[in-house]
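# Chain and residue survey
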Amino acid sequence: MAGCVSRVELSVSCQNLLDRDLGSRSDPLCVLQQDAGGGQWAELDRTERIKNCQNPEFCKKLVVDYYFEKVQKLKFGVYDIDNKSFDLNDDDYLGGIECTLGQVVSSSVFTRPLELKQGKPAGKGTITISAEEIKDTRVVYLEIEAGNLDKKDFLGKSDPFLEFYKQSDVGTWQLVYRSEVVIKNNLNPCWRKFSVPLQTFCGGDFNKPIKVQCADHDSDGSHDLIGTFETSLTQMQKASDGSPVEFECIHPEKKQKKKSYKNSGIIRIKSCKIETEYSFLDYVMGGCQINFTVGVDFTGSNGDPKSPDSLHYISPDGINEYLIAIWSVGSVVQDYDTDKLFPAFGFGAQVPPSWQVSHEFALNFNPSNPYCQGIQGIVDAYRQILPQIRLYGPTNFSPIINHVARFAAHSAQQGAASQYFILLIITDGEITDLDQTRQAIVNASKLPMSIIIVGVGEADFKAMEFLDGDNGVLKSPTGEPAARDIVQFVPFRQIKNAPREALSQMVLAEVPRQLVSYYKWKGWPPVKLPEIKMT
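Residues numbered from 1 in each chain as written. Predicted model: local features only at pLDDT ≥ 70, side-chain atom pairs only at ≥ 80, totals over all residues. Heavy atoms only, no water.

### Examining the packing of aromatic side chains
Tallied over the entire structure, the rule returns 22 aromatic pairs. Between Phe347 and Phe397 the ring centres are 5.7 Å apart and the planes differ by 75°, which places this aromatic pair in the edge-to-face class. Here Phe397 lies in the loop between strand E23 (390-391) and helix H8 (398-412) and Phe347 lies in strand E18 (residues 341-347), a separation of 50 residues in the sequence. Here Phe347 matches Phe397 in class, with each residue buried. For the pair Phe461 and Phe489, a centre-to-centre distance of 5.3 Å together with 55° between the ring planes defines the contact as tilted. Of this pair, Phe461 sits in the loop between strand E25 (449-455) and helix H10 (462-468) while Phe489 is found in strand E26 (residues 487-491), placing the two residues 28 residues apart along the sequence. The structure contains a cluster of three or more aromatic residues connected by ring pairs, namely Tyr278, Tyr283, Tyr420, Tyr518, Tyr519, Trp521 and Trp524. One residue, Lys70, lies across the ring of Tyr67, its end atom 4.2 Å from the ring centre. (Phe/Tyr/Trp six-rings, centres within 6.5 Å; stacked < 30°, edge-to-face > 60°. Helix = DSSP H or I, 4+ residues; strand = E, 2+ residues; numbered from the N terminus. Buried < 20%, exposed > 50% of the residue type's maximum accessible area, 1.4 Å probe, protein only. Lys NZ or Arg CZ within 6 Å of the ring centre and 35° of its normal.)

### A look at the sheet that holds strand E13 (residues 210-216)
Taken in spatial order, the four strands line up as E11-E10-E13-E14 in an open sheet, and their pairing is antiparallel. Strands with a single pairing partner mark the edges of an open sheet, and in this sheet they are strand E11 (173-178) and strand E14 (224-231). In this sheet, adjacent strand axes meet at a mean angle of 25° when their direction is disregarded. Summarising the sheet, E13 and E14 pair through seven bridges and their orientation is antiparallel. Bridging across to E14, Gln213 finds its partner in Thr228. (Pairing = 2+ DSSP bridges. Axes fitted to C-alpha atoms, helices over the stretch in contact; angles between N-to-C directions.)

### Let's talk about the side chain of Thr427
By the secondary structure assignment, Thr427 is in strand E24 (residues 419-427). Polar side-chain contacts of Thr427 include one of 2.9 Å to the backbone nitrogen of Gly429. Apart from residues no more than four positions distant in its own chain, Thr427 is found in contact with Asp297, Tyr322, Thr395, Phe397, Ile453, Val454, Gly455, Val456, Phe461 and Met464. (Polar contact = N/O pair within 3.5 Å; in protein donor to acceptor, adjacent residues only side chain to side chain. Contact = heavy atoms within 4.5 Å.)

### A few points about the side chain of Lys208
Along the chain, Lys208 turns up in the loop between helix H2 (198-202) and E13. If we skip the residues at most four places from it in the chain, Lys208 touches Lys166, Gln167, Asp169, Cys202, Thr231 and Ser232.

### Focus: the pairing of strand E9 (residues 138-147)
Of all ten residues in E9, nine are buried; the element is thus mostly enclosed. Here E9 runs beside strand E16 (residues 266-276); their pairing, made up of ten bridges, is antiparallel. Looking at E16, one finds that Ile144 is bridged to Ile269. As judged from the four bridges shared by E9 and strand E12 (residues 194-197), these two strands associate in the antiparallel manner. For Val140, the partnering residue across the bridge sits in E12 and is Val196.

### A few points about helix H11 (residues 501-508)
Each turn of an α-helix holds 3.6 residues, which means side chains three or four residues apart point in the same direction. Burial analysis of H11 places six of its eight residues in the buried class, which makes it a mostly covered element. Every buried residue belonging to H11 is among Ala502, Leu503, Ser504, Gln505, Val507 and Leu508, and all of these are buried. In this structure, the buried side of H11 is in contact with helix H6 (321-333), E25, E26 and helix H12 (511-522).

### Quick word on the pattern of salt bridges
All told, the structure shown has 14 salt bridges when counted by the stated rule. Residues Asp27 and Arg49 are paired through a salt bridge, measuring 3.2 Å at the closest nitrogen-oxygen approach. Taken as a pair, Asp27 in the loop between strand E1 (6-15) and strand E2 (28-37) and Arg49 in the loop between strand E3 (40-46) and strand E4 (62-66) lie far apart in primary sequence, 22 residues in all. A salt bridge links Lys520 to Glu277, with the shortest nitrogen-to-oxygen separation between them at 3.0 Å. Of this pair, Lys520 sits in helix H12 while Glu277 sits in the loop between E16 and helix H5 (280-285), placing them 243 residues apart in sequence. Taken together, the shared-partner salt bridges in this structure form one network comprising Glu145, Glu246, Arg268 and Lys270. (Salt bridge = Lys/Arg side-chain N within 4 Å of Asp/Glu carboxyl O.)

### Brief notes about the domain arrangement of the chain
By the assigned domains, the chain splits into domain 1 (6-134), domain 2 (138-276) and domain 3 (290-522). For domain 1 versus domain 2, the distance between C-alpha centres works out to 50 Å. (Domains from an automatic or database assignment.)

### A few points about the nonpolar core
Leu10, Phe76 and Phe298 are the most contacted members of the largest nonpolar core, which has 115 residues in total. Broken down by element, this core gets its largest block of residues, eight residues, from H6. When residues are assigned to domains, this core turns out to be shared by domain 1 (6-134) and domain 3 (290-522), each giving three or more. Among the nonpolar cores identified, the runner-up in size contains 31 residues, and Ile144, Trp191, Phe194 and Ala239 belong to it. (Core = buried A, V, L, I, M, F, W, Y, C linked by side-chain atoms within 4.5 Å.)

### Describing the packing of H6 against helix H7 (residues 374-385)
Two elements in contact, H6 and H7, have axes separated by 10 Å at closest approach and are oriented at 165°. Considering their axes alone, H6 and H7 lie roughly antiparallel with respect to each other. Crossing angle aside, the handedness with which H6 passes H7 is right-handed. Between H6 and H7, the residues in contact are Tyr322, Leu323, Ile326, Trp327, Gly330 and Ser331 and Ile375, Gln376, Ile378, Val379, Tyr382 and Arg383, respectively. Of the residues that constitute the contact of H6 with H7, the class distribution is eight nonpolar, three polar and one charged. (Parallel < 35°, antiparallel > 145°, perpendicular 65-115°, else oblique. Left-handed = near helix turned anticlockwise from the far one by under 90°. Nonpolar A, V, L, I, M, F, W, Y, C, P; charged D, E, K, R; others polar.)

### As for unusual backbone geometry
Put simply, Pro352 and Pro353 share a cis peptide bond, and its omega is 0°. With respect to the helices, strands and loops of the structure, Pro353 is situated in the loop between strand E19 (349-351) and strand E20 (356-358). In this model, Gly393 is joined to Pro394 through a cis peptide bond whose omega is -5°. Tracing the sequence through the fold places Pro394 in the loop between E23 and H8. Positioned with a positive phi, Lys340 is a non-glycine residue whose angle comes to about 55°.

### Focus: the sheet that holds E19
Across the sheet, which stays open at both edges, the three strands sit in the order E20-E19-E23 with antiparallel pairing between neighbours. Each end of this open sheet is capped by a strand with a single partner; those strands are E20 and E23. In this structure, E19 lies alongside E23, joined through two bridges in antiparallel fashion. Among the inter-strand pairings, Gln350 is bridged to a residue of E23, identified as Arg390.

Following this line, the structure appears as structure tokens:
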């Protein structure tokens, strides 16, 4: 399970609050609660209290951990505080709202009318919330070489590697980077360019002491020190193309013993650059829309929908595995799509009036406008189409992947991080066009899209696991490797008895990384750039 994507800071202000105090204005405070399940709400944070104010702009930010793959239900409550007790039961309620964190982070400014209870407005009161990610996204990139290093090996030359340490607040040294590349038998090595997050490297403090150690690698782990020096990021930054910054590598014992000792070699910082690495939230808050498309498998291997053992059979309580998958994934993704219009397709069925087999037909039977209004619209279209089609075959994935890829390619031509596409394919797993699908996925890996496959039923999903590429890079039939991993496969049976949210958490946990990897690969920043904010 993926961990918290990041921490988010929420700024809150209100307008036109109700006046509950006699002789003076209300003294508002805002409390943030999160849905803890079972009708319970847990308090996460609260703002300061502002005296005599109907239009407060709270200074204290509300901090919450953000997970893309979960629907995080929040409740903001505004209270008039007239005493010193922490308990809110004895304070007047000025109104509140319920929303999801996804709605807040995907809006640049989120304003809603306050309600005293559902459907009852709190006068003309409104609340405005804006989100900002807490972190320093900068990364240090270094290129380093050395000259005339001391020879440490009896038979050959040294096998040097580097270690970087930052000084903690109590003066101890903490390892922050060890060069991966051990350069064999070389007294004038040039190491590969490497990067370290700025926060890790020096805690964001450019003048914090950094100790660099150069040692000779021995396979038995008894590495011999060649030399060491101290510097800071400010000094290293003086390196520029063509004029490196040089440091003498000093071995303390040798320096003590020999008066004529100069150094054990020179370490040269060829280049030291600081660049910003953007996060998933940077892109979403910067205006990137996530477009959600659904593809439903209507092939004969699912079984006759009228029969209770069919995967398309809708139980008396109105659900089946296909509908649960649509709801689970759709309920998370819909918050990131402003128009809430989702194209939905079926494949592998004979469709009226010609009863030809189709591998990409609109669930609403409207090929020129296959969009459904909201997740409920997809569910309604699915229920309506089921009695009108004949389940058939074969099971071809490539047409619907190529369909979404055409939209993603069109968006990519704009050269901006404005649109990302998620295709959810729900299938019983009996794929026919494996080679064409491999080619379609490799092509799509160069586009702003991710593919989620949910396998329903008890079939052998070996082909789906192969497409997932977790056991190695997926290759096209001609041997071309995927540019990045874009497929996430989850067999529904794994989480059949788990809470409903488990499916969305398993299938969506990879999406933030996939989205960031695409835009990083293209070198595209968010459409609206974030301000750098430190913790």
